[in-house]
Structures are given as C-alpha cells and as structure tokens.
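Per-entry structural report
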Amino acid sequence: MRLLSISCGKVIPLFGLHHPNYKRVASAINKESISNLLHPAPVEITRLGVAGDEQADLSVHGGLEKAIYVYPVEHYAFWNALLTRETKKQIDLPLGSFGENFTIEGLLETEVFVGDQIQIGDLQFTVVKLREPCFKFNVKMEYKGAAKAMLQSGFSGWYLRVNQTGTLAAGAQIKIIPGERLISIADQNDTLLNRGKQKNLWD
C-alpha cells in the first residue's frame, strides 16, 4: 500500500447545467498533483490538511474532521470507462480528478473502517467517514449521473483527520492500525444507498 499522489486546489467557479438552481457554483474540486511518483516533492501536511489547499463549503468539506480526502487509484478504470461511454469522449482522468488530496494504491472502502488509524510515511491519520457526492461532482465530471454512480458503485473514498503534522511525499508506504472495526466505509455507503439518500444528485 502506498501514496501515489498529493493534490491541492483553489476555490474557483464551476460552470454547468447540472443543478436546476445554479449555472455557476464555487468549488475547489479541481485539484492538481503537486507530489507524485515522477516528482515526489515533499508537501507540508497541517491539521487542516495539505498546505495551500482550499475548500469552498466548510460545512461539507475540510476542517479538522475532513482535513484530507483519500481516493483509491483502483477506481480510476471504472470512471474512465463510464465517462468515455457517457460523454462520447475518450477520458483518461489525471490523479486528483475526484477532488482527492491523497490518491492511494492497495486499500479500498471495504477494508477501511471508521476509527482506523492510517500511518503514511511518518505521519498518522484517523479515518472519519466516507465522502458523500453532490451535484458539484456532476459538474466536474461533465456527466449528470456522476454523483449517483459514485453512490451506487460504492467508490466513494474517505476523509481523514490529521493526528500528526509534518511533510509527506508521493511513494510513502501506508500501514493500517485497526480500531474497533464496527463500521467500514463500504458499510456507510450501503446505509446511504439503502435509505435512498440521493438528494442533490440530480440524475
């Protein structure tokens, strides 16, 4: 298990026809890799996440409890195929495309539980919860069914709390320190799906 990329982004306007009330909305979902396997630059990680990263709506992203958003690289093939089919354009998403701060390899939602500790390099984090997609994700992907597809596939990724600040670079090894292991990220997603919580997905 390893860290493939660290990404960050600034709040900018997103434009699209993916919500009945908005033609433009502020978001920092557009993130770029600033440390990856080709260029493993050291990046400062603070209590609020990747130094220089921004969030448009702190009620749903960011803060101490959602400081870092993690996404497994294994899901990229699913999204490239889905978006190529639905948009009729050849899609090859760069790392960071889901608004994640950490793109990782070798760890999935079924294997990660709320309360687990994750050691990445010399830093330690706590798994907090899954990412719940909203209409902004549809705008980013240029596909009105993207948020619903994330929920239905279970390919959500998850948020981390930063327990230990310092610097990280792509290529760092990842280690899981299990907690009580009562609820996995996949379990959380199933709960959302089964109670039909799909408001603001707009498909």
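Conventions used here
- For every chain, the first residue of the written sequence is number 1, and numbering continues from 1 along that sequence.
- Side-chain atom pairs in this predicted model are given and counted only at pLDDT of 80 or more, local residue features only at pLDDT of at least 70, and totals for whole chains, interfaces and linings cover all residues.
- As a rule here, side-chain values cover all heavy atoms of the structure and leave hydrogens and water aside.
- Numbering of helices and strands starts at the N terminus; helices are DSSP runs of H or I of at least 4 residues and strands are runs of E of at least 2.
- Three exposure classes are used, based on accessible area relative to the maximum for each residue type with a 1.4 Å probe and protein chains only: buried under 20%, partly exposed in between, and exposed over 50%.
- Contacts: residue pairs with any heavy atoms within 4.5 Å of one another.
- Note on areas: these come from Shrake-Rupley sampling with a 1.4 Å probe, and a residue is covered only by the protein chains present in the view.
- By nonpolar core we mean a set of buried residues, namely Ala, Val, Leu, Ile, Met, Phe, Trp, Tyr and Cys, connected to one another through side-chain atoms within 4.5 Å.
- The angle between two axes is taken between their N-to-C directions and runs from 0 to 180 degrees, where each axis is a line fitted to C-alpha atoms and a helix contributes only its stretch in contact.
- Here roughly perpendicular refers to angles of 65 to 115 degrees, roughly parallel to angles under 35, roughly antiparallel to angles over 145, and oblique to all remaining angles.
- Left-handed describes a crossing whose near helix is turned anticlockwise from the far helix through less than a right angle; right-handed describes the clockwise counterpart.
- As a working rule, the residues Ala, Val, Leu, Ile, Met, Phe, Trp, Tyr, Cys and Pro are called nonpolar, Asp, Glu, Lys and Arg charged, and the rest polar, with Gly in that last group.
- A carboxyl oxygen of Asp or Glu within 4 Å of a side-chain nitrogen of Lys or Arg is what we treat as a salt bridge.
- Two strands are counted as paired when DSSP detects at least two bridges linking them.
- The path from the first strand over the helix to the second decides the hand: if it runs clockwise while the strands point away from the viewer, the crossover is right-handed.

Attention now moves to the overall build of the chain. Along the backbone of the chain there are four helices and 13 strands. Counting all 203 residues of the chain, 49% fall into the buried class. At a minimum sequence separation of 6, the contacts of the chain that also span at least 24 residues come to 78%. Approximately 9,700 Å² of the chain is accessible, and the part contributed by carbon and sulfur atoms is 54%.

Let us now look at the nonpolar core. The biggest cluster of nonpolar side chains holds 28 residues, and the ones touching the most others in it are Ile45, Ile68, Phe102, Phe125, Trp158 and Leu168. Among the elements of the structure, strand 1 (2-8), strand 5 (43-46), strand 7 (68-72), strand 8 (102-105), strand 9 (117-120), strand 10 (123-130), strand 11 (158-162) and helix 4 (185-194) are those that each provide at least two residues to this core. With four residues, the single largest contributor to this core is strand 10. Sequence-distant contacts of isoleucine 45, defined by excluding residues within four places in its chain, comprise Val50, Ile68, Phe102, Leu123, Phe125, Val162, Thr165, Gly166 and Leu168. Ile29, Phe137, Ala149 and Met150 belong to the second-largest nonpolar core, a separate cluster that totals 18 residues.

The next thing to look at is the packing of helix 1 (residues 76-87) against helix 3 (residues 146-153). Running from amino to carboxyl end, helix 1 crosses helix 3 at an angle of 140 degrees, the nearest separation of the two axes being 12 Å. The angle between the axes of helix 1 and helix 3 places the two elements in the oblique class. Every pair of crossing elements has a handedness; the one defined by helix 1 and helix 3 is right-handed. For the pair helix 1 and helix 3, the contacting residues are Phe78, Trp79 and Leu82 in the first and Ala146, Ala149, Met150 and Ser153 in the second. Class assignment of the residues belonging to the contact of helix 1 with helix 3 gives a composition of six nonpolar, one polar and no charged.

Here we come to the pattern of salt bridges. Taken as a whole, this structure holds seven salt bridges when the rule is applied. Linking arginine 161 and glutamate 65 is a salt bridge whose minimum nitrogen-to-oxygen distance equals 2.8 Å. Separated by 96 residues along the polypeptide, arginine 161 in strand 11 and glutamate 65 in the loop between strand 6 (49-50) and strand 7 bring together distant segments of the chain. Looking at glutamate 65, the relative accessible area reads 38%, which means it is partly exposed. Across the pair lysine 129 and glutamate 132 runs a salt bridge, and its minimum N-O distance is 3.2 Å.

Interhelical geometry of helix 3 versus helix 4 gives an angle of 120 degrees and a closest axis separation of 8 Å. Taken together, the axes of helix 3 and helix 4 are oblique relative to one another. Residues Met150, Leu151 and Gln152 of helix 3 form the contact with helix 4, whose own contacting residues are Asn189, Leu192 and Leu193.

Taken together, eight strands build an open sheet; the order of strands is 4-1-8-7-11-10-9-13 and the sheet is mixed. Either end of the sheet is taken by a strand with one partner, and the two such strands are strand 4 (32-36) and strand 13 (174-177). Taking the axes of each pair of neighbouring strands and ignoring which way they run, one obtains an average angle of 35 degrees across the sheet. The pairing of strand 1 with strand 4 spans four bridges and is classified as antiparallel. In the sheet register, serine 5 faces strand 4, and the bridge partner there is asparagine 36. Of the strands in this sheet, strand 10 and strand 11 touch helix 4, which is tilted by about 20 degrees from strand 10.

The next thing to look at is the pairing of strand 8. In this sheet, strand 8 lies alongside strand 1 in antiparallel orientation, the contact comprising four bridges. Along strand 8, the bridge assignment pairs serine 5 with threonine 103. Bridge count between strand 7 and strand 8: three bridges; the pairing is parallel. Counted as the bridge partner of valine 70 is phenylalanine 102 from strand 8. Handedness of the crossover joining strand 7 and strand 8 through helix 1: right-handed.

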